[in-house]
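Inside the fold
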Amino acid sequence: MAVTGAILVLFLIAHAIGNLKVFLGRQDFNHYSHWLRSVGEPAIPHRVFLTILEVVLTVAVLLHIWAAVSLARQARQARPVRYAARPKAHENRYATHVMRYGGIVILLFVIWHLLDLTFGAVNPKGGDAQPYDKVIADFDPSRWYITLFYVVAVILMGLHLRHGLFSAVQTLGWGRQRRYPAVRLVADVVAALLVIGFVSVPVMVTIGVLN
């Protein structure tokens, strides 16, 4: 779970940086989107790099989900009888809800996001439109509910990421206990920056700054 989570975090950072190019204007954003499909040309065929990246991310997501389900089953089998009393140190209900149920919402959001901005199946402009036009149409003020859904899902992603980064450091043995406050701070900052980066685009479109 920690390793696949790390792969997904690196992708999110790169994806957020790419998304912010929308603020450079229509031409620059469309150029970036088309560049992703031509990375490595002519050494490798068109879109091969992006396809490999999509396969790696898909495998990482599936393994991440498999790890989550496996760990939940192991925990249940290790303690089939519930505790009569649950001290705070033994159960963190906040973390449990954020990681488990937040993860389900994030998965549904990713599916919608792909159908919307990647394939254009549910986008007002359709799949043949330019990337910039699809973004603007998607978060049009009249579609405020889509923006709201996007913002809520991204905030849940940030909470999921915040806890996941700290847990991954513990799991992989990269930090000692005395360094945990610093690790928590880094996790908070990374999660906050990613949330701001992702949320800024739909919000700016909805309020008319991007058009």
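Residues numbered from 1 in each chain as written. Predicted model: local features only at pLDDT ≥ 70, side-chain atom pairs only at ≥ 80, totals over all residues. Heavy atoms only, no water.

The name given to the protein chain in an unreviewed UniProt entry is Succinate dehydrogenase cytochrome b subunit, with the source organism recorded as Actinoallomurus liliacearum.

1. Regarding the pattern of salt bridges
The condition is simple: We define a salt bridge as a side-chain nitrogen of Lys or Arg found within 4 Å of a carboxyl oxygen belonging to Asp or Glu. Put simply, DSSP H or I for four residues or longer makes a helix, DSSP E for two residues or longer makes a strand, and each gets a number counted from the N terminus. Partly exposed residues are those whose accessible area sits between 20% and 50% of the maximum for their type, while under 20% is buried and over 50% is exposed, using a 1.4 Å probe and protein chains only.
Applying the stated rule across the entire model yields four salt bridges. The partner of Arg 26 in a salt bridge is Asp 133, with the nearest N and O atoms 2.6 Å apart. In this pair, Arg 26 sits in helix H2 (residues 26-38) while Asp 133 sits in helix H5 (residues 131-138), placing the two residues 107 residues apart along the sequence. Assessed through its relative accessible area of 41%, Arg 26 is described here as partly exposed. What makes Asp 133 partly exposed here is its relative accessible area of 22%. We note a salt bridge from Glu 54 to Arg 47, for which the minimum N-O separation is 3.0 Å.

2. A look at the packing of aromatic side chains
In this description, an aromatic ring pair is defined by two values, namely the gap between the centres and the angle between the planes. Inclusion rule: Each Phe, Tyr or Trp ring (for Trp, its six-membered ring) is paired with any other whose centre lies within 6.5 Å, and the angle between the two planes then decides the class: stacked below 30 degrees, edge-to-face above 60, tilted in between.
In total, this model carries seven aromatic pairs according to the counting rule given. Note on Phe 109 and Tyr 150: the rings are 5.2 Å apart at their centroids and 80° apart in plane angle, and the pair reads as edge-to-face. Remark: Tyr 150 occurs in helix H6 (residues 144-172) and Phe 109 occurs in helix H4 (residues 93-118); sequence separation between them is 41 residues. Judged by its relative accessible area of 10%, Phe 109 falls in the buried class. Looking at Tyr 150, the relative accessible area reads 7%, which means it is buried. Taken together, a centroid distance of 5.9 Å and an interplanar angle of 80° make the contact between Trp 144 and Tyr 145 edge-to-face. Classification of Trp 144 by relative accessible area gives exposed; the value is 53%.

3. Section: the UniProt feature "transmembrane region" (unreviewed entry) in the protein chain
The cut-off we apply is this: UniProt positions are given in the numbering used here, feature names are shortened, and annotations may be inferred rather than shown by experiment.
If you check UniProt for "transmembrane region" (unreviewed entry), the listed places come out as residues 48-72, 101-122, 142-161 and 182-210 in our numbering. When the span residues 101-122 is considered, its composition is 82% helix and 0% strand, and the gap between its end C-alpha atoms is 25 Å. Along residues 142-161 one finds 90% helix and 0% strand; the C-alpha atoms at either end are 31 Å apart.

4. What about the packing of H6 against helix H7 (residues 180-206)?
In helix packing, the relevant descriptors are the interaxial angle and the interaxial distance, both defined with respect to the helix axes. Our working definition: Axis geometry follows a simple rule: fit a line to the C-alpha atoms, using only the stretch in contact for helices, then measure angles between N-to-C directions, giving values from 0 to 180 degrees. Throughout, the term roughly parallel applies to angles under 35 degrees, roughly antiparallel to angles over 145, roughly perpendicular to angles from 65 to 115, and oblique to all others. Each helix crossing is assigned a hand: it is left-handed if the near helix lies turned anticlockwise from the far helix by less than a right angle, otherwise right-handed if that turn is clockwise. Amino acids are sorted into nonpolar (Ala, Val, Leu, Ile, Met, Phe, Trp, Tyr, Cys and Pro), charged (Asp, Glu, Lys and Arg) and polar (every other residue, Gly among them).
At a closest axis distance of 9 Å, the pairing of H6 and H7 adopts a crossing angle of 165°. Comparing the axis directions of H6 and H7 gives the class roughly antiparallel. Considering how the two elements wind past one another, H6 and H7 form a crossing that is right-handed. For the contact of H6 with H7, the residue count by class is 20 nonpolar, four polar and three charged.

5. Details of the environment of Leu 210
Basically, it comes down to this: The contact rule is simple, with two residues in contact once any of their heavy atoms fall within 4.5 Å.
Positionally, Leu 210 belongs in the segment after H7. Assessed through its relative accessible area of 7%, Leu 210 is described here as buried. As a C-alpha pair, Leu 210 and Val 22 span 188 residues in sequence and 8.4 Å in three-dimensional space. Those residues in contact with Leu 210 that sit more than four places away from it in its chain are Val 22, Phe 23, Tyr 132, Ile 136, Val 201, Met 204 and Val 205.

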